[in-house]
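# Fold and geometry: a report
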Amino acid sequence: MIGICQFCGERRPLVGAHITPRNYFQRVKGRAFYLEGVQLGPPGKAKRFQAGVKDKAILCSSCDNRFGVWDNYSYQVLDARKADAKFSRGKQAILLSEIPINFEKFSLFILSLLWRAAISNEPFYKRVEIGHHQSVIKDMLKNEFYDVAGFYSTVVSLLKPEKHETIMFTPYSVTLDGVAVVFFYMPPFKLMVKVDRRPFTR
Ligand SMILES: [Zn+2]
């Protein structure tokens, strides 16, 4: 499909772009042939996904590839096999600043995840609303300017319920004590991303 790429603004062939990167859907899918979509509302034909949810109307291939570099880095940080070690001190949730990572790269990944989820019209992402942060974050991504000020800091928690690893819940925006956050489920992790100037308090 030819269309306007939402990132570079050029009229180009658009690709099937993942928002939550493909690898996280792959983890959920395991050895199954496909993922089955579940939705609220009147019964209809269940949607099946081979490679997770994609949006064919948002990105050209060169912009999608640019995001791919950050997506790939996120797999190293949110490594399912090393998950337990990251939480070894008995914590249920950690601030990302507490683990040794390339903060700039991971921050750009989080921002690109937020931005893609916010602009997508796919039903899976419809509960992600970030208002004016959408254009602020797009500018940050274009300039590869990561989140030094901590407006978009992230808390990662490890989910242990047995069945969770086979379910990818939809992400959603919510306000907690007046602070806007977006939750993303990327099994076995749950990410709470703050989309707000105000800091988290302990
Ligand atoms: Zn583009």
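Residues numbered from 1 in each chain as written. Predicted model: local features only at pLDDT ≥ 70, side-chain atom pairs only at ≥ 80, totals over all residues.

## Topic: the packing of helix α4 (residues 103-119) against helix α5 (residues 133-142)
Remark: α4 packs on α5, axes separated minimally by 9 Å, with the N-to-C direction vectors making an angle of 135°. Comparing their axes, α5 and α4 come out oblique. As α4 packs across α5, the resulting crossing turns out to be left-handed. On α5, the residues touching Leu108, Leu111, Ser112, Leu114, Trp115, Ala118 and Ile119 of α4 are Gln134, Ile137, Lys138, Met140 and Leu141. (Axes fitted to C-alpha atoms, helices over the stretch in contact; angles between N-to-C directions. Helix = DSSP H or I, 4+ residues; strand = E, 2+ residues; numbered from the N terminus. Parallel < 35°, antiparallel > 145°, perpendicular 65-115°, else oblique. Left-handed = near helix turned anticlockwise from the far one by under 90°. Contact = placed C-beta atoms within 7 Å.)

## Re the packing of helix α2 (residues 61-77) against α4
Geometrically, a packed helix pair is captured by the angle between its two axes and the distance between the axes. With their axes 8 Å apart at the nearest point, α2 and α4 run at an angle of 115° to one another. Here α2 lies roughly perpendicular to α4, going by the angle between them. The two elements α2 and α4 meet at a crossing, and its hand is left-handed. Across the interface between the two elements, Phe67, Trp70, Asp71, Tyr73, Ser74 and Val77 of α2 pack against Lys105, Phe106, Leu108, Phe109 and Ser112 of α4. Of the residues assigned to the contact of α2 with α4, the class counts are 7 nonpolar, 2 polar and 2 charged. (Nonpolar A, V, L, I, M, F, W, Y, C, P; charged D, E, K, R; others polar.)

## Looking at the pairing of strand β9 (residues 179-186)
Here 5 bridges tie strand β8 (residues 172-176) to β9, and the two strands are oriented antiparallel to one another. Bridge pairing in β9 places serine 173 opposite valine 182. Between the end of β8 and the start of β9, which pair antiparallel, lie 2 residues, with aspartate 177 showing a positive phi angle near 50°. One ladder, built from 6 bridges, connects β9 with strand β10 (residues 189-194); its direction is antiparallel. Considered in β10, the bridge of valine 182 is made with valine 193. Counting the residues that bridge the hairpin from β9 to β10 gives 2 residues. (Pairing = 2+ DSSP bridges.)

## Digging into the nonpolar core
Ranked by size, the top nonpolar core spans 46 residues in total, and within it Leu59, Ile110, Leu111, Leu114, Val182 and Val193 carry the most contacts. Elements represented by at least two residues in this core include exactly β2 (11-18), α1 (22-29), β5 (54-60), α2, α4, α5, β9 and β10. In terms of residues, this core owes the most to one element, α4, which gives 11 residues. Apart from residues no more than four positions distant in its own chain, leucine 111 is found in contact with Ile137, Met140, Leu141, Asp147 and Tyr152. (Core = buried A, V, L, I, M, F, W, Y, C linked by C-beta atoms within 7 Å. Buried ≥ 20, exposed ≤ 12 C-beta atoms within 10 Å, placed from the backbone.)

## Quick word on the sheet that holds strand β1 (residues 2-4)
Here we have 3 strands laid out as an open sheet, ordered β1-β2-β5, and antiparallel in their pairing. Whereas interior strands pair on both sides, the edge strands pair on one side only; in this sheet they are β1 and β5. Averaged over neighbouring strand pairs, the angle between their axes works out to 65° when direction is ignored. With 4 bridges joining them, β2 and β5 adopt antiparallel strand pairing.

## Focus on the confidence of the model for the chain
Looking at the chain, pLDDT values average 84 and 83% of them are 70 or higher. Model confidence for the chain, summarised as mean pLDDT per element, is weakest for strand β6 (residues 93-95) at 61 and strongest for β1 at 97. (pLDDT = per-residue confidence, 0-100.)

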